[in-house]
Amino acid sequence: MPAVDKLLLEEALQDSPQTRSLLSVFEEDAGTLTDYTNQLLQAMQRVYGAQNEMCLATQQLSKQLLAYEKQNFALGKGDEEVISTLHYFSKVVDELNILHSELAKQLADTMILPIIQFREKDLTEVSTLKDLFGLASNEHDLSMAKYSRLPKRRENEKLKTEVVKEVANARRKQHLSSLQYYCALNALQYRKRIAMMEPMLGYTQGQINFFKKGAEMFSKRMDSFLSSVSNMVQSIQGELDAEADAMRVSQHDLLSVNESVYTPDSDVTSPAVNRNLIQKAGYLNLRNKTGLVTTTWDRLYFFTQGGNLMCQPRGAVAGGLIQDLDNCSVMAVDCEDRRYCFQITTPTGKSGITLQAESKKEYEEWICAINNISRQIYLTDNPEAVAIKLNQTALQAVTPITSFGKKQESLRPSQNVKNMEMVSDRIIPKELSTKPDCTELIAPGTPIQFDMVLPATEFLDQNRGGRRTNPFGESEDSKNDEEDSLLQQMFVVRFLGSMAVQSDDTNEVIYEAMRQVLAARAIHNIFRTTESHLMVTTKSLRLIDPQTQVTRTTFELASVTQFAAHQDNKRLLGFVVRVMESLGEESMSANIFESNTEGEKICYAISLGKEIIEAQKDPEALAQLMMSMPLTSDGKFKLLNDQSKEDGAIPEERGEESEA
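Since the structure is predicted, the reported quantities are computational estimates derived from the model, not experimental observations.

Chemist: Just give me the short version of the sheet that holds strand β6 (residues 341–345), but keep the residues and values in it.
Modeler: Strand order in the open sheet formed by 7 strands is β4-β3-β2-β1-β7-β6-β5, with antiparallel pairing between adjacent strands. Each of the sheet's edge strands pairs with one partner strand only, and the pair in question is β4 (320–324) and β5 (329–332). Ignoring strand direction, the axes of neighbouring strands in this sheet form an average angle of 40°. Note: strand β2 (residues 295–305) against strand β3 (residues 308–312), 5 bridges, orientation antiparallel. The partner of Gln305 across the bridge, within β3, is Asn308.

Chemist: Which residues make up the packing of aromatic side chains, and what are the values?
Modeler: If you walk through the whole model with that rule in mind, you get 10 aromatic pairs. With a centroid separation of 5.1 Å and an interplanar angle of 75°, the aromatic rings of Phe210 and Phe211 are classed as edge-to-face. Given the relative accessible area of 27%, Phe211 is considered partly exposed. On the basis of an interplanar angle of 40° and a centroid distance of 5.8 Å, the ring pair of Tyr340 and Tyr363 is categorised as tilted. Pair noted here: Tyr340 is in the loop between β5 and β6 and Tyr363 is in helix α5 (residues 360–374), with a separation of 23 residues, a long-range link. Of the two residues, Tyr340 and Tyr363, both sit in the buried class. Members of the aromatic cluster, connected to one another through ring pairs, are Phe495, Phe555, Phe575 and Phe593. Sitting over the face of the ring of Tyr283, Arg299 holds its NZ or CZ atom 4.4 Å from the ring centroid.

Chemist: Could you give me a rundown of the pairing of strand β12 (residues 528–537), with the residues and numbers involved?
Modeler: Here β12 lies mainly inside the structure; 9 of its 10 residues are buried. Both strand β11 (residues 488–501) and β12 contribute to a ladder of 8 bridges, which runs antiparallel. Counted as the bridge partner of Phe495 is Thr530 from β12. What sits between β12 and strand β13 (residues 540–544) in their antiparallel hairpin is a turn of 2 residues.

Chemist: Can you lay out the pairing of strand β16 (residues 572–580) for me, pointing to particular residues and giving the numbers?
Modeler: β16 sits mainly inside the fold: 7 of its 9 residues count as buried. By the bridge criterion, 5 bridges tie strand β15 (residues 560–565) to β16 in an arrangement that is antiparallel. Residue pairing across strands places Phe563 opposite Phe575, the latter belonging to β16. The antiparallel pairing of β15 with β16 creates a hairpin that spans 6 residues between the two strands. Sheet analysis places β16 next to strand β17 (residues 586–595), joined by 9 bridges and oriented antiparallel. Each residue of the ladder has a partner; that of Arg578, found in β17, is Met588.

Chemist: Break down the side chain of Gln343 for me, with residues and values.
Modeler: Residue position: Gln343 is located in strand β6. Judged by relative accessible area, which is 13%, Gln343 ranks as buried. A distance of 3.4 Å separates polar atoms of two side chains, one belonging to Gln343 and the other to Thr354. Once residues within four sequence positions are removed from consideration, Gln343 is found in contact with Ser329, Val330, Met331, Val333, Ser351, Ile353 and Thr354.

Chemist: Run through the packing of helix α1 (residues 17–67) against helix α3 (residues 157–214), naming residues and quoting values.
Modeler: Where α1 contacts α3, the two axes come as close as 11 Å, and the packing angle between them is 30°. With respect to their mutual orientation, α1 and α3 come out roughly parallel. Crossing of α1 against α3: the hand is left-handed. Broken down by class, the residue content of the contact of α1 with α3 amounts to 16 nonpolar, 5 polar and 4 charged.

Parameters and conventions
Residues numbered from 1 in each chain as written. Predicted model: local features only at pLDDT ≥ 70, side-chain atom pairs only at ≥ 80, totals over all residues. Heavy atoms only, no water. Pairing = 2+ DSSP bridges. Helix = DSSP H or I, 4+ residues; strand = E, 2+ residues; numbered from the N terminus. Axes fitted to C-alpha atoms, helices over the stretch in contact; angles between N-to-C directions. Phe/Tyr/Trp six-rings, centres within 6.5 Å; stacked < 30°, edge-to-face > 60°. Buried < 20%, exposed > 50% of the residue type's maximum accessible area, 1.4 Å probe, protein only. Lys NZ or Arg CZ within 6 Å of the ring centre and 35° of its normal. Polar contact = N/O pair within 3.5 Å; in protein donor to acceptor, adjacent residues only side chain to side chain. Contact = heavy atoms within 4.5 Å. Parallel < 35°, antiparallel > 145°, perpendicular 65-115°, else oblique. Left-handed = near helix turned anticlockwise from the far one by under 90°. Nonpolar A, V, L, I, M, F, W, Y, C, P; charged D, E, K, R; others polar.

Right under this line is the structure:
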């Protein structure tokens with residue numbers, strides 16, 4: 001016999017859309033089988049009714065044959081032979097009537113009864129279990145919705161314990177009902193074969209017995225055929241018994257699992273998070289706006305496919321595209337006092353979708369998986385190995401190290417101010433020395449500052465009473481101090497981190513600072529950043545709050561001694577600032593940023609500003625530089641491929657939070 005399709009009991013607890021889709025196929029098969037069984041039963045009842053009618057008809061025929069003798073025919077002479085013949089025929093008909101009665105009884109026991117029992121027992125059981133499974137599933141959904149609405153800020157331990165217990169009971173009930181329902185559907189695949197063949201076997205055997213008693217009308221070949229059919233039914237019955245035993249054992253094992261399987265967020269203190277995932281699937285709550293201030297949360301099944309985030313509603317055959325994850329960013333957000341919420345942001349900075357995970361483990365794994373996918377790791381030959389290597393690199397970045405492998409030579413433009421010379425109004429870089437050890441660039445264990453700039457409200461509060469000074473020693477300038485600058489260029493950037501460095505002789509110190517800052521963010525699960533506008537002028541680099549237009553921090557352009565863009569990630573850039581401390585000592589710090597445009601364009605703007613500073617010392621050199629560069633209508637230098645042309649005007653209002 002060909003193999004029978006089965007529902008996997010192990011997938012009953014996960015209740016994924018794939019399992020629900022396969023379950024719908026079994027349910028459709030059961031519905032079709034129910035309709036066919038009703039039609040088949042009607043046909044068999046018609047045969048049984050005809051057989052009963054045959055019994056009544058032969059009985060009536062026998063009586064009518066005997067009644068011939070009692071008729072008062074006016075011309076009844078010579079009917080004695082007819083009467084005796086009819087009496088013989090009446091005996092034959094009576095014998096046939098006995099055979100027909102036995103056949104009718106056999107049809108009722110072997111044809112009608114099995115099909116009625118199959119319909120009333122097996123099909124009704126499947127229908128009942130389906131209703132119980134639907135009720136348990138709805139109850140689980142309601143308990144999960146109640147659990148998802150637990151407040152984050154004001155947790156009520158008693159309420160939380162009751163809700164968690166309610167979720168566990170609902171999940172256990174759904175698991176038990178689904179296991180029973182799946183077992184019944186699996187068994188139905190065997191029973192339907194028996195139910196179709198057993199009645200016909202009884203019908204055929206009854207007919208053969210009927211005709212054998214009347215006459216030898218069937219050959220031994222038919223007997224052997226019926227014998228083989230009977231053996232086949234017995235074989236299927238044996239397989240059903242073995243499968244039923246195996247399903248009972250499997251059901252017992254699956255129901256004897258640890259209670260943590262049913263309890264959401266069972267290990268909230270130290271969940272075992274896999275940070276090397278390049279694909280992820282599971283249920284999440286999706287936030288949908290239904291009005292100006294009202295929202296709804298829908299529990300849907302999400303999974304990643306390549307560089308896309310897909311969503312598949314329960315019962316759907318396939319999933320649909322929700323978000324392209326390439327170069328996207330993800331961040332943890334506080335949303336409607338719900339726990340474990342995160343938001344996916346597009347490469348252009350536009351807010352995407354807001355999702356809520358079921359537990360802390362799922363929450364962190366989803367964020368890590370989306371981060372890995374956004375780096376396009378899945379396009380490599382061995383994406384899992386690349387993800388593991390990146391996380392190992394992150395671990396090494398926050399521990400003291402004595403040596404590191406030599407990086408490849410930079411293939412993209414970078415700027416090293418201290419290693420350049422001015423020759424015939426052109427900047428010629430000096431020959432770079434051997435790359436130093438990372439401990440010579442940054443001291444092991446150097447702390448990293450992830451939030452250098454203050455929020456605009458706090459900045460205003462601190463500056464209402466006097467002049468502001470920041471940790472880097474700059475003082476606040478006037479709002480209009482760049483009006484006389486020959487260069488003004490605005491870029492949208494996000495501050496990632498800063499740390500003290502020991503050298504600014506090579507741009508390798510910037511690459512090492514980038515590596516340690518990004519690795520530390522990944523290790524400590526820090527995804528929030530603050531967006532600012534970076535104004536590049538011939539005097540300074542200013543970080544401006546995009547909403548209030550308040551200057552957060554100012555770096556004198558002359559104090560910027562090193563700047564470079566990342567060799568692989570074009571949106572990363574950094575620069576080294578050298579300032580004088582109060583005791584007359586110099587300190588150096590590397591500042592790392594992420595930009596909405598290519599970092600090389602910002603480096604080019606900084607380089608152009610320094611060229612203008614040098615050219616201003618010689619009026620002829622300045623005039624020659626202004627002739628070689630495009631100018632705006634007000635006589636300022638204009639950069640080619642300006643960001644405002646590429647990305648559009650800088651938005652007036654954008655969210656303060658984004659993800660590195």
